[in-house]
Amino acid sequence: MFDALFFAFLSPVLWGLMNVWDKYAVEHRVKNPLSFSLVDGVILFIAASAAILLLDWNSVTLESLLIPAGIGIFYGVETAFYYIMLKKEDVSGIIGFIYIYPIFVALLSFLFLSETIPLIGYAGMMLMITGAVVLSSRFKTVKSLGFWAYVIGMVLTVAVSEFLIKVSTTQIPEINALAINFFCLSSVIFIIALFNKKMRDGFGYELKHNFRFAVVSDFLWISAIATLFLAMHGLPATIVSSIAIIQPLLVLGFESVVDRFVGKINRDKNFMLKLAGILLIVIGMVLLYSTGMLS
């Protein structure tokens, strides 16, 4: 229990560090965010392929691979949205906004799992929507339809991924699920690259100049998801998800420290307004989780 609780707190810390590391890389190093994601994809594909070859698959059925594969596919699409958005907006605003995804998880649970939403859950949703409006009012590219397509795409892919994790079983060992997840994730990035010439053309530059940044990012990424799986293995999903609420606040703190002492990554200097929006979303999430909807 203690180990699982430790991993539950460690996971959002690793996610937050990865988010701010990626923002710094995109702001100061990366020329083409999608090409940088392709470098990520190559590293993850190699790591996942090696794991697949070395792991024991005797007790794993084909059916049990479907959910980890589906999660990887949605994570792959989310990755493309994620890097594009990092180039456009502050990472604290993006991560804070993404955390309205539990609203969609709750709605999916209501539609497909026949779970009811208590009144306090609706109150939580309203707070989260208010917080999202506060954050979106600070977005510099808020008037762009393309911007909103990326934002909504990120929120929906995170929501569907969370929903798939919610309905998944323990039929497959965590490490095997991780290998399949990252294999499918990287495969989706490769498929996107097939249809995006600019993404392919910028790959050489990003590989040559930012490979080390991608390695650190992928190490944090793999560690964050691995600790999430380990936490889920020993704790109810509600507890793990509730602890993960601290991620937007951690990102805001990490972002402010890096912006002040390492290199400028903030476009919006109104710290208190961003904090207010994130707190509204966090409080709304607490209310929504307290209903048991996302357990």
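Position numbers for residues start from 1 in each chain and track the written sequence from start to end. Residue-level local features of this predicted model are given only where pLDDT is at least 70; pairs of side-chain atoms are given and counted only at 80 or more, and the full residue set underlies all totals for whole chains, interfaces and linings. The side-chain numbers reported here are obtained from all heavy atoms of the structure, hydrogens and water having been left aside.

K.L.:
Explain the overall build of the protein chain to me, please; I cannot follow it from the model alone.
P.N.:
Strands here are runs of E lasting at least two residues and helices are runs of H or I lasting at least four, both read from the DSSP assignment and numbered beginning at the N terminus. Helix and strand counts for the protein chain stand at 13 helices and zero strands. Put simply, the protein chain runs from its N terminus to its C terminus through helices and strands in the order α-α-α-α-α-α-α-α-α-α-α-α-α. Here the term buried applies to any residue with accessible area under 20% of the maximum for its type, exposed to any over 50%, and partly exposed to those in between, with areas from a 1.4 Å probe on protein chains only. Across the 295 residues that make up the protein chain, the buried fraction comes to 51%. Residue contacts are counted whenever heavy atoms from the two residues lie within 4.5 Å of one another. The long-range fraction of contacts in the protein chain, counting pairs at least 24 apart against all pairs at least 6 apart in sequence, stands at 90%. Approximately 13700 Å² of the protein chain is accessible, and the part contributed by carbon and sulfur atoms is 73%. For the area figures, the Shrake-Rupley method with a 1.4 Å probe applies, and any residue is considered shielded solely by the protein chains shown.

K.L.:
Help me out: how do you make sense of the environment of I120 in this one?
P.N.:
Tracing the backbone shows I120 in helix α6 (residues 119-136). In this structure I120 comes out as partly exposed when scored by relative accessible area, which is 39%. Through-space distance from the C-alpha of I120 to that of G284 is 9.4 Å; in sequence the pair is 164 residues apart.

K.L.:
Could you clarify how one ought to interpret the nonpolar core in this entry?
P.N.:
Among soluble globular proteins, nonpolar side chains are generally buried collectively. By size, the foremost hydrophobic cluster in this structure holds 66 residues, and its most contacted members are F182 and W221. In terms of residue count, the dominant contributor to this core is helix α3 (residues 66-88) (nine residues). Beyond its immediate chain neighbours, meaning those up to four positions away, W221 contacts W15, M18, L44, T79, F182 and L185. Remark: nonpolar core denotes a set of buried residues (Ala, Val, Leu, Ile, Met, Phe, Trp, Tyr, Cys) joined through side-chain atoms within 4.5 Å.

K.L.:
Sorry, what's going on with the packing of helix α8 (residues 174-194) against helix α10 (residues 203-234) here?
P.N.:
To obtain each axis, a line is fitted to C-alpha atoms, and for helices this fit is confined to the stretch in contact; angles are then taken between N-to-C directions over 0 to 180 degrees. Closest axis-to-axis distance for the α8/α10 pair is 10 Å, and the angle between their directions is 140°. One finds that α8 runs oblique with respect to α10. Our pair here, α8 against α10, has a crossing hand that is right-handed. Between α8 and α10, the contacting residues are E174, A177, L178, N181, F182 and L185 on the first element and W221, I222, I225, A226, F229 and H233 on the second. Classifying every residue of the contact of α8 with α10 by side-chain character gives nine nonpolar, two polar and one charged. Should an angle fall under 35 degrees it is taken as roughly parallel, and over 145 as roughly antiparallel, whereas 65 to 115 is taken as roughly perpendicular and any remaining angle as oblique. Crossing handedness is read from the near helix: turned anticlockwise from the far helix by less than a right angle, it gives a left-handed crossing, and turned clockwise, a right-handed one. Each residue gets one label: Ala, Val, Leu, Ile, Met, Phe, Trp, Tyr, Cys and Pro are nonpolar, Asp, Glu, Lys and Arg are charged, and the others, such as Gly, are polar.

K.L.:
How do you make sense of the pattern of salt bridges when you look at a structure like this?
P.N.:
Two side chains that carry opposite charge are able to pair once their charged atoms sit near each other. Whenever Lys or Arg places a side-chain nitrogen within 4 Å of a carboxyl oxygen from Asp or Glu, that contact is recorded as a salt bridge. Per the counting criterion, the structure on display carries two salt bridges. Of the charged contacts, one joins K23 and E27 as a salt bridge, the two residues approaching to 3.0 Å between their closest N and O atoms. In this pair, K23 and E27 both sit in helix α1 (residues 2-28), four residues apart, roughly one turn of the helix. D201 serves as the salt-bridge partner of K197, at 2.7 Å between the closest nitrogen and oxygen.

K.L.:
Honestly, a nonpolar patch on the surface in this entry has me stumped. Any pointers?
P.N.:
Together, F104, L107, I152 and L156 make up an exposed nonpolar region whose accessible area comes to about 320 Å². Breaking the nonpolar patch down by element, the ones donating at least two residues are α5 (101-112) and α7 (145-167). By the element assignment, I152 lies in helix α7. Like charges are joined within 9 Å and nonpolar side chains (Val, Leu, Ile, Met, Phe, Trp, Tyr) within 5 Å, but only among residues with over 30% relative accessible area and no salt bridge; these make up the patches.

K.L.:
Any chance you could explain the packing of helix α2 (residues 33-54) against α3 here in plain terms?
P.N.:
At their nearest, the axes of α2 and α3 sit 8 Å apart, and the two run at 135° to each other. Judged by the inter-axis angle, α2 sits oblique to α3. As for how α2 packs across α3, the hand of that crossing is right-handed. Across from P33, L34, F36, S37 and D40 in α2, the residues of α3 making contact are T79, A80, Y83, I84 and K87.

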